[in-house]
Amino acid sequence: MWCPRRHAGSTPGGRAGAGVWGESEKMKTLLLVDGSSYLYRAFHALPDLRNKAGEPTGAVYGVLNMLRRLRKDIPSEYSACVFDAKGKTFRDDIYPEYKAHRPAMPDDLAAQIEPLLECIRATGWPLLIVDGVEADDVIGTLAKQAERAGMRTVVSTGDKDMAQLVNERVSLVNTMSNENLDPAGVRGKFGVPPERITDYLALVGDSVDNIPGVDKVGPKTAARWLSEYGSLDNLIAHAGEIGGLAGENLRSVRDWLPQARELLTIKCDVPLSQNVHDLAPLPPDHAKLATLFDRLDFKSWRRELETAGGDASTPTVGPPAISSASPRRYETVLDEDALRAWIAKLETAELASIDTETTSLDPMQAELVGISISVSPHEAAYIPFGHRGPAAPDQLPVQRALAMLQPWLANAAKPKVGQNLKFDLHVFANHGVSVRGIAHDTLLESYVIESHLSHDMDNLAERHLGVKTITYDEVTGKGNARIGFEQVAVDRATEYAAEDADVTLQLHRAMFASIREDAKLHRVYQDIEMPVLQVLFAMERHGVLIDAALLDRQSRDLGGRMRQIELDAYSAAGQPFNLNSPKQIQEILFEHQKLPVLKKTPGGTPSTDEDVLQQLALDYPLPKLLLDYRALSKLKSTYTDKLPRAVNPKTGRVHTTYGQAVAVTGRLSSNEPNLQNIPIRTAEGRRIREAFIAPAGSVIVSADYSQIELRIMAHLSGDEGLLKAFAERRDIHAATAAEVFGADPGAVSSEQRRYAKAINFGLIYGMSAFGLAAQLGLQRSAAQQYMERYFARYPSVAAYMERTRAEAKSRGYVETLFGRRLWLPEIKSGNPARRQGAERAAINAPMQGTAADLIKLAMIAVQGWIERERLSTRLIMQVHDELVLEVPDAEVETVRAELPGLMSGVATLAVPIPAEVGVGPNWERAH
């Protein structure tokens, strides 16, 4: 017996497991999981998680988390998790090329199968693996058994072929996309009913299984043909009627299509040693699970076992999660009595989460639309202020609500948690409210645990709680149809906003447990990231004073120089053209002037990117003019034109936003406007810094670490030569040149020093001999010789690099001196270029990350000193390894004297870490 075959597409919307056919509530349910489908999807979707022994665990975690979610979302009397067996199946006998092009299973995935199967058995899930057939065939057979027994079947899969199984009693769910398919859903997704899915798949083919279809025929054509002719057999019979290339391609494979359909059809009469009534879940083996979770380092799951109480009736695995099955108590607070009741809860809570809904994403401009709070899982409230519309209820005035909340908000003894709380601190400050007691931030918790992943709340909830949250787009719409949050109906706003506060509290519980148990991560989170949040808030709030009139003059000057370059370019080209048009530049350079094509775009046309122009500029005048034009244009558009427009009219200052959870290395970013990328190697870039000024009676003070990453390299590698050079306070580049070129330190030439500087900085970025040769304009053999001499003179550097690469491959990450984890997802990539890029990053990341930690510690130390001494000095910018301060004249000497010690004293390295201090009326003069 055969039945139509596989996939889990879905209709957007409903939660998995929702009853969509109106069956009797007494009808029993069989829940079948396509384990093989989810195994691959979890492996590719999740980060390269590893236990302490370096063994991969991400796929195990992903599948187990999915199973836990299914248990909550789809209650069932019977269930099974089904995997493909090793070896060939009957399909290989029918068609030897079946799956012939599928790559071998990655070693890191193969290593996870055994512990995954052990975990599944220990949780009580019946596990089925049948030789000679695929998991699909076992699932199809069980679904038919259940249908004959009067049950309904829910199949959890990510495979489209299984859509052929769907009928009035069989549905598909996809937990990774939170979608489900009933018969109408199959037709809506594929354009054909379930009984025609195998015909449809035969026409479009299956490249994964190496089953060819009709060449150039896609889903739309296949669905149209089947709609017109009713079936594949009838289509084949009338193949002569199909015109054009598609008809020719159909006729060329019509003898093959029945065999393709046979391969794609799920076998529903597989002899099984178990029947559907044997698939009742078993009690979980807590002792076995404890052993497995210890081995896999699933710490939060291990703790859950200790507090689970051994409830055998509901086998669970995974962290506490919310789902459609979890009762939620979300309240809309519309009057003072209701708010007082919630304030009483806040006052007695050990920890409360808080979130704001606002009129803008600009932290300095945003005003409150509402506040959400939560004190326990699944319980939260939304306090609306500014919702409007004919159906909007009466709401509390924002100032009255804030006055009532102020004692709790300002109480440092009342711990608070939020998601990206720096933004919320600004919003409250815009209303004159100071918030204290910031204990935790889930954005930063995620950043410390998994810096290489996304940290937005929707993704965090999916990853750590196994739940799909309501998205902002679902509430406000998209694009031109988007409405402001103040226009969202209050009931809908409550669902969204209260969920934010609820989920944030639960995310903290799930993530902070992992941080607390790891001393290194806890140090990074508690001693660096959380304190620096407050420093950044103060810096952003104060802002930077700029000389807008000076920038306006610079902008006019840049515009005049650009116009002159434009005229020079016309002369060099022999005709006018648009210097901002890559297409016209390409025509001028490569068609009219016949310059050599050095690189092509993905579309096959000659590239005119900066690297190409820089190489051509060595021999031709026009590319040099284009580079000069682009450089001036970028300065003008990004800085001299934009900065004056960025001045806040209320404060008269520019307020950047520092991204604390962006770079995987721990470095801060600066946005709207970006103050960290103002070029300093050109006179024009340095002139822009002249516009960053101090108010009357104050000066700008700049303090930066000297050659910090090279010093960190010396410390981490322990190389005696480097340590000695720094200890003796020698010019490190001249010292390196003396070692590499065998010269007397006093006789090193400027060119030798330049080469040594390129080697020093190139090596800490993992540069190859090829890269060094390109940078210095040398033959590769010469660059290789210089590098070999370097490593011969500094052998511990080479040893450190090799050791670091090995650790990165073993663990999937490297660490800073302070224990920050810098994940390298591509370190075991099958793509050589990506793998080599990750290996280079592994060398640099500990140095760049340690430098980032040091400057953050310096910010904390300097801000703490300012507050203790009650100075009027303000930190106003952080740029790379530099701190910029605005200092009253009366405090200049104190600040100048104290800053070096404060910055160098944040850590003890094997080499000095001096900070150089400069003072001036503007940033350029101080730097």
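Residues numbered from 1 in each chain as written. Predicted model: local features only at pLDDT ≥ 70, side-chain atom pairs only at ≥ 80, totals over all residues. Heavy atoms only, no water.

### Some words on the overall build of the chain
Definition in use: A run of H or I in DSSP becomes a helix once it reaches four residues, and a run of E becomes a strand once it reaches two; helices and strands are each numbered from the N terminus. Note on method: radius of gyration uses C-alpha positions; expected globular size equals 2.2 Å times residues raised to 0.38. The rule is simple: take the accessible area with a 1.4 Å probe, protein chains only, and divide by the maximum for that residue type; under 20% is buried, over 50% is exposed, in between is partly exposed. Two residues form a contact once any of their heavy atoms are found within 4.5 Å. Accessible surface is estimated by sampling points in the Shrake-Rupley manner with a 1.4 Å probe; for residues, cover comes only from the protein chains shown.
Broken down by element type, the chain carries 37 helices and 24 strands. The C-alpha atoms of the chain give a radius of gyration of 32 Å, which matches the 30 Å a tight globule of 927 residues would have. C-alpha extents for the chain along the principal axes are approximately 90 × 75 × 60 Å. Residues classed as buried in the chain amount to 54% of the 927 residues present. Taking as baseline every contact in the chain between residues at least 6 positions apart, the subset at least 24 positions apart corresponds to 70%. Approximately 39,400 Å² of the chain is accessible, and the part contributed by carbon and sulfur atoms is 50%.

### Examining the environment of arginine 302
Convention followed: Definition of a polar contact: a pair of N or O atoms within 3.5 Å, with one able to donate and the other able to accept a hydrogen when the atoms are protein atoms, and with sequence-neighbouring residues admitted only if both atoms are side-chain atoms.
By the secondary structure assignment, arginine 302 is in helix α13 (residues 299-307). Counting along the chain gives 16 residues from arginine 302 to histidine 286, while the straight-line C-alpha distance between them is 9.6 Å. With residues up to four places along the chain from it excluded, the contact list for arginine 302 reads Ala290, Phe293 and Asp294. Among the polar contacts made by the side chain of arginine 302, one reaches the side chain of aspartate 294 at a distance of 3.0 Å.

### Details of the packing of aromatic side chains
Note the cut-off: Centre distance within 6.5 Å is the pairing criterion for rings of Phe, Tyr and Trp, where only the six-membered ring of Trp is used; planes under 30 degrees apart are then read as stacked, over 60 as edge-to-face, and the remainder as tilted.
Tallied over the entire structure, the rule returns 20 aromatic pairs. Look at phenylalanine 190 and tyrosine 200: their rings are 5.7 Å apart centre to centre, the planes differ by 65 degrees, and that puts the pair in the edge-to-face class. Note that phenylalanine 190 is positioned in helix α6 (residues 183-190) and tyrosine 200 in helix α7 (residues 197-204), a separation of ten residues in sequence. Note on phenylalanine 741 and tyrosine 786: the rings are 5.1 Å apart at their centroids and 75 degrees apart in plane angle, and the pair reads as edge-to-face. In this pair, phenylalanine 741 is assigned in helix α30 (residues 732-741) and tyrosine 786 in helix α33 (residues 780-793), connecting sequence segments 45 residues apart.

### Topic: the confidence of the model for the chain
Low-confidence regions, as indicated by low pLDDT, have predicted coordinates that should not be scrutinised in detail. Which entries qualify depends on this criterion: pLDDT measures how confident the predictor is about each residue, on a scale from 0 to 100.
The predicted model of the chain has a mean per-residue pLDDT of 88, with 94% of residues at 70 or higher. Residue range residues 309-325 is modelled with pLDDT below 50. Its contacts to residues more than four positions away, or to other chains, number 51 contacts.

### Structural notes on the nonpolar core
Test applied: To form a nonpolar core, buried Ala, Val, Leu, Ile, Met, Phe, Trp, Tyr and Cys residues must be joined to one another through side-chain atoms within 4.5 Å.
Ranked by internal contacts, the top residues of the largest apolar core, which has 113 residues, are Phe692 and Met877. Broken down by element, the residue count for this core peaks at eleven residues, all from helix α35 (residues 832-868). Each residue touching methionine 877, except ones within four places of it in the same chain, is listed here: Met539, Val544, Tyr658, Leu675, Phe692, Glu882, Leu883, Val884 and Trp923. Counting residues in hydrophobic clusters, the runner-up holds 59 residues, among them Phe190, Ala202, Tyr229 and Leu263.

### Some words on the environment of glycine 746
Inspection of the secondary structure assignment puts glycine 746 in the loop between α30 and α31 (750-764). Here the alpha-carbon distance between glycine 746 and alanine 735, two residues eleven residues apart in the chain, equals 9.4 Å.

### Topic: the packing of helix α28 (residues 708-717) against helix α34 (residues 795-811)
What describes two packed helices is the angle between their axes and the distance between those same axes. Here is the rule we go by: Every angle, taken between N-to-C directions, lies between 0 and 180 degrees, and every axis is a line fitted to C-alpha atoms, over only the stretch in contact when it is a helix. These descriptions rest on fixed angle ranges, namely under 35 degrees for roughly parallel, over 145 for roughly antiparallel, 65 to 115 for roughly perpendicular, and the rest for oblique. Classes in brief: Ala, Val, Leu, Ile, Met, Phe, Trp, Tyr, Cys and Pro nonpolar; Asp, Glu, Lys and Arg charged; the others, Gly included, polar.
Between α28 and α34, the shortest axis-to-axis distance is 9 Å and the interhelical angle comes to 80 degrees. When the axes of α28 and α34 are compared, the pair comes out roughly perpendicular. Here Met713, Leu716 and Ser717 of α28 lie close against α34, whose contacting residues are Ser796, Val797, Tyr800, Met801 and Arg803. Partitioning the contact of α28 with α34 into residue classes produces five nonpolar, two polar and one charged.

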